[in-house]
Amino acid sequence: MAGKILVLGATGNVGKPLVGELLAKGEQVKAASRSGKAAGRAEGVRFDFTDETTFAPALDGVDRAYVLAPTGTLDVLGTVLPFVRLAAERKVKIVFQSVSGADANDDIPYRQIEIFIERSGTPYVILRPNWFTDNFEIFWLQGIKHGVISVPAGEGKSAFIDVRDIAASAAAALTTDKFDGQAFNLTGPEALSYGDAAEILSQASGRAIAYKPATDGEFVSTLVSAGVPKAYAEFLAAIFHPVREGWTASVSNAVQTLTGKAPRSVETYARDYAGVFAA
Ligand SMILES: NC(=O)c1ccc[n+]([C@@H]2O[C@H](COP(=O)([O-])OP(=O)(O)OC[C@H]3O[C@@H](n4cnc5c(N)ncnc54)[C@H](OP(=O)(O)O)[C@@H]3O)[C@@H](O)[C@H]2O)c1
């Protein structure tokens, strides 16, 4: 594979460590962001899903692309499909970051993107991550600073995955063809409830952090008062339904298969970022 790798969302949670992984493997990387700024040794390129004139220049010289919808995207299909269509026309290999459970129903927008890619004839790998462990500092940090994680998860468990393991899995999928044509459910090593996670974060940080299950209504109003748009807060509440039902508790060996290494536990994550939660 002689071309460059385009990484969408290169300034984001997965994109940033992914760019690092790919550079360490000696790949030539185009790091896409709306600013177009370079990312370390990676070339920067301006890319905006809402501006189709940025698509073709981003794909110049590229034979592989990591594709994800930014957090907060409500119309995932309408946002991602026009770019995916162009990449597939150019026979660029697509590694698509979908979501855990997307394959439950063909009407799910993430599944519709997967189906489009599968039928397009371009090489592809689909990655379906479970809930990110890093959400504890992405979405739930404000509550944690007040000693509480309050989400509508009930006692449901999730096989939380560290974004560093998503990035390593993505790097593997992008740099070999041996996983082409496959989909992987990316999980951490075990399923934990939010109560379990709160205990682990308490131990690592030395602060008491409790889990208080919220109703959907309580959860949405907390997020809205923290500035999250209501429609996205409602979407987040809705995706806790599968957690309460126990559908996010399955553990896979996909990270081991893709990277040759076991995924990081929530304990490891909590130790590595203890300072963030201690403050
Ligand atoms: N969080 C979870 O637990 C979880 C679990 C499973 C799957 N997922 C999926 O993972 C994806 C999010 O991944 P992530 O957290 O790595 O992404 P992210 O950090 O939320 O976003 C990545 C980047 O997208 C860029 N961006 C924002 N608007 C854009 C636009 N209009 N056009 C192009 N780029 C834009 C931003 O960079 P610039 O501002 O620099 O452009 C941002 O840094 C979502 O599809 C989500 O459904 C999340």
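Residues numbered from 1 in each chain as written. Predicted model: local features only at pLDDT ≥ 70, side-chain atom pairs only at ≥ 80, totals over all residues. Heavy atoms only, no water.

I'm lost on the side chain of Glu27 in this one. Help?
Structurally, Glu27 can be placed in the loop between α1 (15–24) and β2 (29–33). Taking relative accessible area as the criterion, Glu27 reaches 18% and is therefore assigned buried. Polar side-chain contacts of Glu27 include one of 3.2 Å to the side chain of Arg64. Residues within four places of Glu27 in sequence aside, it is in contact with Ile5, Leu22, Arg64 and Thr175. (Helix = DSSP H or I, 4+ residues; strand = E, 2+ residues; numbered from the N terminus. Buried < 20%, exposed > 50% of the residue type's maximum accessible area, 1.4 Å probe, protein only. Polar contact = N/O pair within 3.5 Å; in protein donor to acceptor, adjacent residues only side chain to side chain. Contact = heavy atoms within 4.5 Å.)

How should the domain arrangement of the protein be read in this particular structure?
Often the size quoted for an interface is simply the accessible area lost on bringing the parts together. In terms of domains, the protein is made up of domain 1 (4–129) and domain 2 (131–161 + 188–249 + 264–279). Between the C-alpha centres of domain 1 and domain 2 the distance comes to 26 Å. At the interface, eight residues of domain 1 touch eight residues of domain 2. Across the domain 1/domain 2 interface, buried area totals approximately 640 Å², and carbon plus sulfur atoms make up 77% of it. When the buried surface of domain 1 facing domain 2 is broken down by residue, Asn13, Leu74 and Pro129 rank first, second and third, together holding 55% of it. Counting the contacts that link domain 1 with domain 2 gives zero salt bridges. The tally of links from domain 1 across to domain 2 stands at one residue pair in polar contact (both at pLDDT 80 or more). Within the side of domain 1 that touches domain 2, the residues separate by chemical class into three nonpolar, five polar and no charged. (Domains from an automatic or database assignment. Buried area = accessible area lost by both parts, 1.4 Å probe. Salt bridge = Lys/Arg side-chain N within 4 Å of Asp/Glu carboxyl O. Nonpolar A, V, L, I, M, F, W, Y, C, P; charged D, E, K, R; others polar.)

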